[in-house]
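Now for the letters of each chain:
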Amino acid sequence: MARLTVMRNIGPKSSKWLHAVGIRTRDDLAEVGAVGAFLMVCGAGFCASQNLLWALHGPLHDKDWRALTEREKKELRDELSSASTQQSNSISAVIRGVN
C-alpha cells in the first residue's frame, strides 16, 4: 500500500489536498478513481487545475502525467463531465425534495 507522497506525480500540495478529503494511499485513490478524487478535492474548495486530474490518473496506470495521450486526456475530460453532470443532477433532486 503506497503512501501518496511516494507515488509518481503526487507532490506535497496534491498530497495535502488528497489527505484532506480522506485519500491517503494508492488503494484509496484506486477505490475512488482519478475523476472521483479530483471531484472530491474540488468539492472541498481546493483550487485544482486539470493537471491534477492527469496527475491522479498517472499512479493508477504507472505513467507520468506529462506522458498521457490526447486520447487519455479526452477520456478523462469526458468522464469528468459526465460525473459532474450526475453530481449536479443529484444535488438538484435533493433541493427539489426539500422545497
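See the structure shown above.
Everything numeric here is computed off the predicted structure, so don't read it as measured data.

**With respect to the overall build of the protein**
- Each helix and strand counted, the protein has four helices and zero strands in total.
- Counting from the amino terminus, the protein carries its helices and strands in the arrangement α-α-α-α.
- Expressed as a percentage of the 99 residues in the protein, the buried residues total 36%.
- Considering only intrachain contacts with a sequence separation of at least 6, the fraction spanning at least 24 residues in the protein is 45%.

**Section: the packing of aromatic side chains**
- Here the structure, examined in full by the defined rule, presents one aromatic pair.
- Ring geometry for tryptophan 17 versus phenylalanine 46: centroids 5.6 Å apart, planes at 25°, classification stacked. You can see tryptophan 17 sitting in helix 1 (residues 12-20) and its partner phenylalanine 46 sitting in the loop between helix 2 (26-43) and helix 3 (50-60), a full 29 residues away along the chain.
- Judged by relative accessible area, phenylalanine 46 falls into the partly exposed class, the value being 26%.

**A few points about the environment of lysine 63**
- As for its placement among the helices and strands, lysine 63 is situated in the loop between helix 3 and helix 4 (70-98).
- A residue is classified by how much of its surface remains accessible, and lysine 63, at 23% relative accessible area, is partly exposed.
- Separated by 55 residues in sequence, lysine 63 and arginine 8 place their C-alpha atoms 7.6 Å apart.
- Sequence-distant contacts of lysine 63, defined by excluding residues within four places in its chain, comprise Arg8, Asn9, Gly58, Leu68, Thr69 and Glu72.

**Here's the deal with the side chain of glutamate 72**
- Turning to its location among the elements, glutamate 72 is positioned in helix 4.
- Separated by 2.8 Å, the side chain of glutamate 72 and the backbone nitrogen of threonine 69 make a polar contact.
- For glutamate 72, the residues in contact, after removing those within four places along its chain, are His57, Lys63 and Ala67.

**Topic: helix 1**
- Buried within helix 1 are the following residues: Ser14, Ser15, Trp17 and Leu18. One side of helix 1 carries all its buried residues, which in axial view fall inside an arc of 165°. Those residues of helix 1 that are exposed and aimed more than 90 degrees away from the buried face are Pro12, Lys13, Lys16 and Ala20.
- Looking at the buried positions of helix 1, the neighbouring elements they touch are helix 2 and helix 3.
- Phi turns positive, to about 90°, at glycine 22, one or two residues after helix 1.

**A short note on the nonpolar core**
- Core analysis: the largest hydrophobic core is formed by 23 residues, its most contacted members being Leu53 and Leu56.
- At the level of secondary structure, the elements contributing two or more residues to this core comprise helix 1, helix 2, helix 3 and helix 4.
- Excluding residues within four positions of it along the chain, leucine 56 makes contact with Ile10, Leu18, Leu29, Ala34, Ala37 and Phe38.

**A look at the environment of tryptophan 54**
- Topologically, tryptophan 54 is positioned in helix 3.
- In sequence terms tryptophan 54 and asparagine 9 are 45 residues apart; their C-alpha atoms lie 8.7 Å from each other.
- Residues within four places of tryptophan 54 in sequence aside, it is in contact with Trp65, Leu68, Lys73, Leu76 and Arg77.

Calculation criteria
- Residues numbered from 1 in each chain as written.
- Predicted model: local features only at pLDDT ≥ 70, side-chain atom pairs only at ≥ 80, totals over all residues.
- Heavy atoms only, no water.
- Helix = DSSP H or I, 4+ residues; strand = E, 2+ residues; numbered from the N terminus.
- Buried < 20%, exposed > 50% of the residue type's maximum accessible area, 1.4 Å probe, protein only.
- Contact = heavy atoms within 4.5 Å.
- Phe/Tyr/Trp six-rings, centres within 6.5 Å; stacked < 30°, edge-to-face > 60°.
- Polar contact = N/O pair within 3.5 Å; in protein donor to acceptor, adjacent residues only side chain to side chain.
- Arc of directions from axis to C-beta.
- Core = buried A, V, L, I, M, F, W, Y, C linked by side-chain atoms within 4.5 Å.

Purely geometric stuff here, so don't read any function into it on its own.
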